[in-house]
Amino acid sequence: MQLDVSNFVPASDEEKQSLVTMRDSIGFWKDGLHRLRKNNVAMISLVVIVIVMVLAFIVPSFYPYDYKEQIRGNENLAPMGYSVKEQASIDSGDFVFPHFLGTDNLGRDLSVRIMMGSKISLLVGIIASAIIMMIGSIYGAVAGYFGGRADQIMMRIVDMIYTVPDLLIIILLIATLKYPLKDLANTNPAFAWINTVGVGLICIFIVFALLYWVGMARQIRSQILSLKEQEYVTAARALGASHARIIRKHLLKNCIGLIIVTTTLQIPSAIFTESFLSFIGLGVSAPMPSLGSLAATALGGITSYPHRLLAPSIMISLIILSFNLFGDGLRDAFDPKLKN
Amino acid sequence: MGNYIFKRVFYAILTLAVVITITFFLMYLIPGGPFLAEKAPSQATLDAMNAKYGLDKPLIVQFKNYIVNMLQGDFGPSIKQRGRTVVQIISSKFPVSARVGGLSVAVALLLGIPLGSFAALYRGKWIDKAINFISTFGIAVPSFVISTVLVIIFSINLKWLPTFGLTSPLHYIMPVIAIAFYPTAYISRLMRSSMLDVLGQDYMRTARAKGLSPFKQLFKHALRNAILPIVTYLGPMIAYTLTGSFVVERIFTIPGLGNEFISSITNRDYPMVMGTTIFLAAFIVLLNVVVDIVYKLVDPRIKYQ
């Protein structure tokens, strides 16, 4: 055995330096965003979401066809088909914007209707999630912070709302609130916007505000319960901070990661519920299209025009899937427990 | 334990009471009553029908009458389907939905649990990736999309399966798949993460060190512990199956309770809507209580509140 003396010489400073692994400390956001960017699936979903949003919000304003516009003679065109009138104008040299997905049985261009439908679905999802986030996080924070009797009572209420089969109540509420809301819209001019937005949508929002915030409240509450034992909370209280200030500035701020993730994951389930309700016929009212109602009306012509059913179905699935995957990616990126 | 059961049952009944009250008063927000959907009958006819169905008494009295009758098992006659009582209709339609729903639950459990376990056992290999992909897909796609795609592929293009009704065993295939898709995907994900947790535990190492066969390791130790989160999911899954049936029954024209519920709302058949809502709500709430009790029995670590 040959022992090399030089292997046993004390290490020089440079060699010691190579063993020290120190990373610069990055902030919470930069760290999370960095992890998010490395997640390929999440990034692809983000791209899909952005594309869908552009299609839904921006493109319809520039599109030559309106979603309500019923053009006589254009009924039931196949994808990329032209009606007799349009064919005549093409032959005479004019340019007619193609119907990428054809038209429906009233002559309305299907692609722009699908884009409007996506816009409605996205709006419902985002606004409903915002409502849920606000109600749920405040409720959960208050319950978790104050603890004791107040917490018990608030959680009992949450449990009861949780047990109620929500879809049943939604359907019931929508079916019944339609009429008083319509009356309100017709009699009181201040509420005239109800008619344009559609009574079904308002009912959906009301029901979401009443029933769906409980999941978020539970999560925020458990997070707050563990956070409120931290020293900075005790310090703040010792310095005389009011309860509201502590909740706002210290506790909820540290929950932002959880809030963002839960809200992002709430959007697809809101969209799911809305399309489900529109499919049964209880969502937005005609002529405003929703992806669910487009699918429902296409069900009748399923043998002759399958594209009318496949297009909105694929669109809904795409939206829900990409939001789910992005939300999962966010959760993986910002969950401190998974930090390696 | 008895205290816990009592509390759960108490809250279940309380929730049901709230649901019944809400439903009752909501139905009366609808103007026009159940008889004005047809051609407007004369005022005398209207009065006579109102008197017959007790719709002219003050609201509170109607409510009291309803509750009293309900406790005796009488949910009143159906206003739109003359000659049949609500109880008759429910008892003829519910078994249909129960069959389809029960099959879906069975399929979801029988497929989801093994798939999730395999994904966990062969973590990282292609089978895990494949199962992950399908399950992510499965929880995103709504049930009506799946139903319609199934109908297009299997009924219209391939002509293998019948589309409407429920007369032969073949008829059950597509509705059951449509309803079971989401729960299967969800359960396989849940099972996978739960199994991963369990497989990393020390007692699994002990079992392996003891020389137990992989079969015994899996079934006697891993599966029993990993299955607990699935038991908690049973409650929401049953609720989902019931509500999922609304859409699937419509698409496949299955004469079940979900289809009936939606029709009776559009027809403004008050007694039918009330009866169905109460029945479905009671079913879901009671099943949740049963599942909670089973969970406490199965996992002794949970502290009773």
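Residues numbered from 1 in each chain as written. Chains lettered and ligands numbered in written order. Predicted model: local features only at pLDDT ≥ 70, side-chain atom pairs only at ≥ 80, totals over all residues.

## A closer look at the overall build of chain B
This is how the line gets drawn: Helix and strand assignments follow DSSP, with helices taken as H or I runs no shorter than four residues and strands as E runs no shorter than two, numbered in order from the N terminus. Residue burial here comes from a neighbour count, namely the number of other C-beta atoms, placed from the backbone, that lie within 10 Å of the residue's own C-beta, with 20 or more meaning buried, 12 or fewer meaning exposed, and in between meaning partly exposed. Distance between backbone-placed C-beta atoms decides contact: two residues are in contact if it is within 7 Å.
Counting its regular elements, chain B contains 12 helices and 0 strands. When the 305 residues of chain B are sorted by exposure, 36% land in the buried category. Restricting the contact set of chain B to residue pairs at least 6 apart, pairs at least 24 apart contribute 74%.

## What about the nonpolar core?
Here is the rule we go by: Only buried Ala, Val, Leu, Ile, Met, Phe, Trp, Tyr and Cys residues enter a nonpolar core, and they are joined through C-beta atoms within 7 Å.
Core analysis: the biggest nonpolar cluster contains 145 residues, and A:Ile170, A:Ile171, A:Ile174, A:Ile280, A:Ala295, B:Ala178 and B:Val247 have the highest contact counts within it. Once residues within four sequence positions are removed from consideration, B:Val247 is found in contact with A:Phe276, A:Phe279, A:Ile280, B:Ser143 and B:Phe144.

## A look at the interface of chain B and chain A
Put simply, the rule is: Note on residue classes: Ala, Val, Leu, Ile, Met, Phe, Trp, Tyr, Cys and Pro are nonpolar, Asp, Glu, Lys and Arg are charged, and everything else, Gly too, is polar.
In this assembly, 36 residues from chain B lie in contact with 34 residues from chain A. Of all the elements in the fold, those that place two or more residues in the side of chain B that touches chain A are helix H1 (2–27), helix H5 (126–140), helix H6 (143–157), helix H10 (228–251), helix H11 (257–266) and helix H12 (270–298) of chain B. Its residues placed into classes, the side of chain B that touches chain A shows 29 nonpolar, 7 polar and no charged.

## Quick look at the confidence of the model for chain A
To keep it simple, the criterion reads: You can read pLDDT as the predictor saying how much it trusts each residue, on a scale of 0 to 100.
In this model, chain A carries a mean pLDDT of 80, and residues with pLDDT of at least 70 account for 92%. The least confident element of chain A, judged by mean pLDDT, is helix H8 (residues 193–197) of chain A at 65; the most confident is helix H3 (residues 40–62) of chain A at 88.

## Let's talk about the packing of helix H5 (residues 110–146) of chain A against helix H15 (residues 306–334) of chain A
Residue and element names in this part refer to chain A. For clarity, the threshold we go by: As a rule, the C-alpha atoms of each element are fitted with a line to give its axis, helices using only the stretch in contact, and angles between N-to-C directions run from 0 to 180 degrees. Under this scheme an angle from 65 to 115 degrees is roughly perpendicular, one under 35 degrees roughly parallel, and one over 145 degrees roughly antiparallel; angles in between are oblique. Handedness of a crossing follows from how the near helix is turned relative to the far one, being left-handed for an anticlockwise turn of less than a right angle and right-handed for a clockwise one.
Relative to each other, H5 and H15 sit at 30 degrees, their axes nearing to 11 Å. When the axes of H5 and H15 are compared, the pair comes out roughly parallel. Once H5 is placed against H15, the crossing between them reads as right-handed. Only Arg308, Ala311, Pro312, Met315 and Ile319 of H15 make contact with H5, whose side of the interface consists of Leu110, Ile114, Gly117, Ser118 and Ser121. When its residues are assigned to classes, the contact of H5 with H15 shows 6 nonpolar, 3 polar and 1 charged.

## Side note on the packing of H5(A) against helix H12 (residues 243–254) of chain A
All names here are of chain A. Contact pair H5 / H12: the axes reach a minimum separation of 11 Å and the direction vectors enclose 110 degrees. The angle between H5 and H12 places the two elements in the roughly perpendicular class. Two packed elements cross with a definite hand, and for H5 against H12 that hand is right-handed. In this structure, H5 contributes Ser137, Ala141 and Tyr145 to the contact, and H12 contributes His243, Ile247, Leu251 and Leu252. When the residues that make up the contact of H5 with H12 are grouped by side-chain class, the tally is 5 nonpolar, 2 polar and no charged.

## Considering helix H7 (residues 169–199) of chain B
The cut-off we apply is this: In this analysis, the expected span of each helix is defined as 1.5 Å times one less than the number of residues it contains. Each residue is assigned a bend, namely the angle between axes fitted to the seven residues that terminate at it and the seven residues that start at it.
Across its 31 residues, H7(B) extends only 39 Å between first and last C-alpha, which sits more than 12% below the 45 Å expected from 1.5 Å per residue. A bend of about 45 degrees at B:Ala180 is the largest found in H7(B), and the proline B:Pro183 appears one to four places after it.

## Quick word on the environment of A:Ser275
Within the element layout of this structure, A:Ser275 appears in helix H13 (residues 256–280). C-alpha of A:Ser275 to C-alpha of A:Val124: the two residues are 151 residues apart in sequence and 9.9 Å apart in space. What A:Ser275 contacts, discounting residues up to four positions off in sequence, is A:Ser121, A:Ser290, A:Leu291, A:Gly292, A:Ile316 and B:Pro142.

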